[in-house]
Amino acid sequence: YKEDGLPDDEYNYTASLKTGTGDLYFGGLNGVVRIQPEKWNRSLEKPALALLEVRKEGEGAAFQLIDITDIQKGIQLTRSKEMLQFMFGFREYINPGYCKYWYRIKGLESNWTSLGNSGFLRLWNLPEGKYTLEIKGTNAKGIDATNTIAIPLEILVPFYQTGLFKLLHG
């Protein structure tokens with residue numbers, strides 16, 4: 001990406017070349033990038049876990065993408081009526097299948113649940129309350145992420161399941 005010092009964020013896959021020495025060249029609109037894999041010191045990397053996508057689905061409705069920048073404010077979910085779907089991962093281009101992930105819902109459970117190498121999680125039908133979804137992981141080399149993703153959740157019950165509704169219709 002440009003933030004990493006590259007001349008562009010997008011490269012044409014047909015404008016690439018691998019030389020006999022192992023160097024890789026990628027061409028884009030703003031120039032060419034040369035990568036020398038043998039000089040890439042992966043031990044200096046500090047793996048960061050990233051939230052890639054959050055979707056919310058309501059009963060009978062299509063998925064709604066949730067803006068990731070708004071996630072820290074929290075997500076409200078109606079119990080048994082809506083589902084949340086999360087995608088997350090590392091910038092791991094060599095062996096992404098060896099990355100490992102765990103999650104827990106703080107305030108509901110204290111133990112971490114393994115997701116194996118799947119950077120995907122669906123939540124639905126949680127008990128009413130306020131929680132924090134936490135996601136952590138290790139990259140393909142087994143190095144812990146420098147961060148844990150934390151997302152505030154509020155699980156609401158449908159109005160017809162509230163005590164007030166039952167009292168009025170009881």
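Residues numbered from 1 in each chain as written. Predicted model: local features only at pLDDT ≥ 70, side-chain atom pairs only at ≥ 80, totals over all residues. Heavy atoms only, no water.

Asker: An account of the side chain of Thr 138 is requested, with residue identities and associated values reported.
Answerer: Inspection of the secondary structure puts Thr 138 in strand 11 (residues 129-138). When sequence neighbours within four positions are dropped, the list of residues in contact with Thr 138 reads Phe 90, Cys 99, Lys 100, Trp 102, Ile 143, Asp 144 and Ala 145. (Helix = DSSP H or I, 4+ residues; strand = E, 2+ residues; numbered from the N terminus. Contact = heavy atoms within 4.5 Å.)

Asker: Please set out the sheet that holds strand 4 (residues 50-58) residue by residue, giving values where relevant.
Answerer: Read from one edge of the open sheet, four strands run 5-4-7-10, paired in antiparallel fashion. Pairing within the sheet leaves two strands with one partner each, and these edge strands are strand 5 (64-65) and strand 10 (120-124). (Pairing = 2+ DSSP bridges.)

Asker: Please give an account of the packing of aromatic side chains that cites residues and values.
Answerer: Throughout the structure, instances matching the rule amount to two aromatic pairs. Seen in terms of ring centroids, Phe 90 and Tyr 101 are 5.8 Å apart; in terms of plane orientation they differ by 25°. Their pairing is stacked. Residue Phe 90 is found in the loop between strand 7 (82-89) and strand 8 (100-106), and its partner Tyr 101 is found in strand 8; the two are separated by 11 residues along the sequence. Summarising the burial analysis for this pair, Phe 90 and Tyr 101 share the class buried. Taking NZ or CZ as reference, Lys 136 lies 4.4 Å from the ring centre of Trp 112, over its face. (Phe/Tyr/Trp six-rings, centres within 6.5 Å; stacked < 30°, edge-to-face > 60°. Buried < 20%, exposed > 50% of the residue type's maximum accessible area, 1.4 Å probe, protein only. Lys NZ or Arg CZ within 6 Å of the ring centre and 35° of its normal.)

Asker: A description of the pattern of salt bridges should follow, citing residues and the corresponding values.
Answerer: Under the counting rule described, the total for this entry stands at five salt bridges. Here Arg 104 ties to Glu 134 by a salt bridge, and the two come within 2.6 Å at their closest N and O atoms. Placement of Arg 104 in strand 8 and of Glu 134 in strand 11 is noted, with a sequence separation of 30 residues between them. Its relative accessible area of 19% is what places Arg 104 among the buried residues. A relative accessible area of 11% places Glu 134 in the buried class. Through salt bridges that share partners, Arg 104, Lys 106 and Glu 134 make up one connected network. (Salt bridge = Lys/Arg side-chain N within 4 Å of Asp/Glu carboxyl O.)

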